[in-house]
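Inside the fold
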Amino acid sequence: MNPGVGLGASSVGAGPRVRPFDPASVVPDFPVLSQLVHGKPLSYLDNAATTQKPLAVVEGISHFYLHDNANIHRGVHLLSERATAAYEGARQAVQRFINAREAREVVFVRGTTEAINLVAQSLVRSGLKEGDEIVVSVLEHHSNFVPWKMAAEATGARLRVVPITDAGDLRLDQYERVLTSRTRIVALGHVSNALGTVNPVAEIVRLAHERGIPVLIDGAQAVAHLPVDVQAIDCDFYAFSGHKLYGPTGIGVLYGKAGRLDALPPWQGGGDMIRSVTLERVDYNTLPAKFEAGTPDIAGAIGLEAAIRYLEGLDRAAAFAHEEELLGYAIERLERVPGVRLVGRGAPRTSIVSFVMDEIHPHDIGTILDGEGVAIRAGHHCCQPLMHRLGLGATARASFAFYNRKEDVDRLADALDRVREVLG
Ligand code: C6P
């Protein structure tokens, strides 16, 4: 096995006896995959940007709109009761999926970006000040960098940025140095969207907690590819987006330990987040309503539950092992394409391979691949500080899901040969 791929079935507790996973058995669940693009079969390798949706999700959402649509928590009529039960049922499904202790620790938001902004802005409102420090890393997606930068700029607090090695791995030793009595929060991605690096989040949580510092984990790229147990990680906050977990866009989750969420002030005001309002005074609601002002994405939550139930119906250990095998195979195949250089090696990785090719711009690679029916992403992947650190403007990125097959990887490698023919 390629040394860069180290997660594996063993890391999901399945050990070497994990059953084989047949992607052909799930492809019919994702109708969008069975189409021609530019007259060629589609190899969808842009799953880190967003995953495709199984029929169960589409049907779950349309069932809601066709039969149960009403606003929640307000109505005294049957449809509103049904909608409320479905929305709160979705919260319980998320609680089960990430093993949160209580359903009220699950706050529905628009996505990872909103979840992180919520914590950052609530921290500003709860008295973040000059002299305080926020610890992030160079690996972060802009969604886990810009909100903290904004919080720092608004308050005079300082951003401390943990560096990485030349191979793209987090410098763990640096946490010991940057975590001090001034640190108010540590924010870190579970899996890098640009490189696929899996960070040792539980270890960093332990280091921070030894100093009484809370930790927020950006799980956008982890939830679909690793078993996530927030109690085992022991993080204080965990953020993710439904659309990267085979669910709809517009819905996401902020998990927070009840004590931590209780201690934060709300960041948006409006309906549902209050207990009582007079001209003189507003009393806020309890968790999680305190953080869910206004009518939420009810259908989105229902779609997210449908995605979770779909995943629970799969042999997930086998699916993860299949994804790991695909990644190993992709690394092996791409390394053999002349001119291709893989970016980011060393630490365990999952489901993402980033690469550059001679002097060819990644956008040109992406465009030619698209013509061959292979969908990838090219660009800075919303990680400009990381790209600067690596001395790159952009990379091409292929990212996998359990419905991908080895033939998708073969088509990617063959299409890269075509790129060399055209532009090399
Ligand atoms: N990354 C990608 O192609 P939203 O947009 O809120 O659903 O997720 C933001 C986000 C936050 N953190 C990480 C690690 C992410 O990967 C993303 C989204 C997509 O890599 C779109 S830039």
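Structure's up top.
Each value, and the rule that gives it
Residues numbered from 1 in each chain as written. Predicted model: local features only at pLDDT ≥ 70, side-chain atom pairs only at ≥ 80, totals over all residues. Heavy atoms only, no water. Helix = DSSP H or I, 4+ residues; strand = E, 2+ residues; numbered from the N terminus. Rg over C-alpha atoms; globule rule 2.2 N^0.38 Å. Buried < 20%, exposed > 50% of the residue type's maximum accessible area, 1.4 Å probe, protein only. Contact = heavy atoms within 4.5 Å. Areas by Shrake-Rupley, 256 points an atom, 1.4 Å probe, with all protein chains shown as cover. Lys, Arg positive; Asp, Glu negative; His and termini not counted. Charge placed at Lys NZ, Arg CZ, Asp CG, Glu CD. 1 Å grid on protein atoms, 1.4 Å probe; cavity = no way out; pocket = protein on both sides within 12 Å on 5 of 7 lines; lining within 4 Å. Points joined across faces, edges and corners; volume = space filled by probe spheres on them. Axes fitted to C-alpha atoms, helices over the stretch in contact; angles between N-to-C directions. Parallel < 35°, antiparallel > 145°, perpendicular 65-115°, else oblique. Left-handed = near helix turned anticlockwise from the far one by under 90°. Nonpolar A, V, L, I, M, F, W, Y, C, P; charged D, E, K, R; others polar. Near = heavy atom within 4 Å. Polar contact = N/O pair within 3.5 Å; in protein donor to acceptor, adjacent residues only side chain to side chain. Sits in = over half its atoms within 2 Å of the grid points. Domains from an automatic or database assignment. Pairing = 2+ DSSP bridges. Salt bridge = Lys/Arg side-chain N within 4 Å of Asp/Glu carboxyl O. Expected span 1.5 Å × (residues − 1).

Let us look at the overall build of the chain. Scanning the chain for helices and strands turns up 14 helices and 17 strands. Against the globule reference of 22 Å for 424 residues, the chain gives a C-alpha radius of gyration of 22 Å, in line with a compact fold. Judged by the C-alpha coordinates and their principal axes, the chain covers about 70 × 55 × 40 Å. The burial tally for the chain puts 58% of its 424 residues in the buried class. Sequence-distant contacts in the chain: of pairs separated by 6 or more residues, those separated by 24 or more amount to 72%. Per element, the accessible surface of the chain, about 17,100 Å² overall, is 51% carbon and sulfur. For the chain, the separation between the mean place of its 43 positive charges and that of its 50 negative charges on side chains is 4 Å.

It is worth spelling out empty space enclosed by the protein at this point. A complete count under the given rule lists three cavities of 30 Å³ or more for this structure. Estimated volume of the second largest cavity: approximately 50 Å³. As for the second largest cavity, its lining consists of V27, L33, L42, S43, Y44, Y403, N404, R405 and D408.

Turning next to the packing of helix α4 (residues 112–125) against helix α5 (residues 146–155). Across the interface, α4 lies against α5 with an axial gap of 9 Å and an inter-helix angle of 15°. By the criterion of interaxial angle, the relationship of α4 to α5 is roughly parallel. Seen along the crossing, α4 lies across α5 with a hand that is right-handed. Contacts from I116, N117, V119, A120, L123 and V124 of α4 reach α5 at P147, W148, A151 and T155. The class makeup of the residues in the contact of α4 with α5 is eight nonpolar, two polar and no charged.

We now examine the side chain of N117. Looking at where N117 falls in the secondary structure, it is placed in helix α4. Residue N117 is classed as buried on the basis of its relative accessible area, which comes to 15%. Leave out the neighbours within four places in its chain, and N117 touches P147 and W267.

A turn of α-helix holds 3.6 residues, and therefore any two residues three or four places apart point the same way. Buried within helix α12 (residues 362–371) we find P362, I365, G366, I368 and L369. For α12, the elements touching its buried residues are β14 (352–357), β15 (374–375), β16 (377–379), β17 (395–399) and α14 (406–423). Positive backbone phi, at 90°, marks G373, one or two positions downstream of α12.

Taken together, the neighbourhood of the ligand is formed by 16 residues, with T113, D218, S241, H243 and R377 sitting nearest. In the model, an oxygen atom of the ligand is placed 2.8 Å from a nitrogen or oxygen of the Q221 side chain. The contact in question runs from an oxygen atom of the ligand to an N or O atom on the side chain of S241, over 2.7 Å. Here the ligand loses 86% of its free accessible area of 510 Å² to cover by the protein chains. Spatially, the ligand is embedded in the largest pocket. Its residues assigned to classes, the shell around the ligand shows four nonpolar, eight polar and four charged. Split by domain, the residues of the shell around the ligand number at least three in each of domain 1 (23–49 + 315–423) and domain 2 (57–312).

Read across the open sheet, the seven strands follow the order β4-β10-β9-β8-β7-β5-β6; overall the sheet is mixed. In this open sheet, the two strands that pair with only one neighbour each are β4 (106–109) and β6 (158–162). Pairwise comparison of adjacent strand axes, ignoring direction, gives a mean angle of 20° for this sheet. As paired elements, β4 and strand β10 (residues 252–256) share four bridges and run antiparallel to each other. By the bridge assignment, V106 is partnered in β10 with Y255. Here helix α3 (residues 78–98) sits on the sheet and contacts β4, β9 (237–241) and β10; the angle it forms with β4, its principal contact strand, is near 120°.

A few words now on the environment of D234. With respect to the helices and strands, the residue D234 is situated in the loop between α8 (230–233) and β9. Once the C-alpha coordinates of D234 and T197 are considered, the two residues, 37 residues apart in sequence, prove to be 20 Å apart. When near neighbours in sequence (up to four residues on either side) are disregarded, D234 contacts V205, H209 and K257.

Judged by pairing direction, the sheet is antiparallel, and its four strands sit side by side in the order β13-β14-β17-β16 without closing on themselves. Strands with a single pairing partner mark the edges of an open sheet, and in this sheet they are β13 (340–343) and β16. Strand-to-strand, the axes of this sheet are offset by a mean angle of 30°, without reference to chain direction. For β13 and β14, the ladder comprises four bridges, and the chain directions are antiparallel. Bridge pairing links V340 to M357 in β14. Lying on the sheet, α14 is in contact with β13, β14 and β17; it crosses β14 at an angle near 15°.

The subject of this paragraph is the pattern of salt bridges. Under the criterion given, the structure shown has 31 salt bridges. Of the charged contacts, one joins D283 and R281 as a salt bridge, the two residues approaching to 2.7 Å between their closest N and O atoms. Using a relative accessible area of 53% as the deciding quantity, one classes R281 as exposed. Each of the salt bridges in this network shares a partner with another, and the network as a whole consists of K40, E372, R418 and E421.

Right, let's get into α4. Taking 1.5 Å per residue, 14 residues should reach 20 Å; α4 reaches 20 Å between its end C-alpha atoms and fits that length. Of all the 14 residues making up α4, ten are buried; the element is thus mostly covered by neighbouring parts of the structure. Considered for burial, the residues of α4 that qualify are T112, E114, A115, I116, N117, L118, V119, A120, S122 and L123. Looking at the buried residues of α4, the elements they touch are β4, α5, β7 (183–189), β8 (215–218), β9 and β10.

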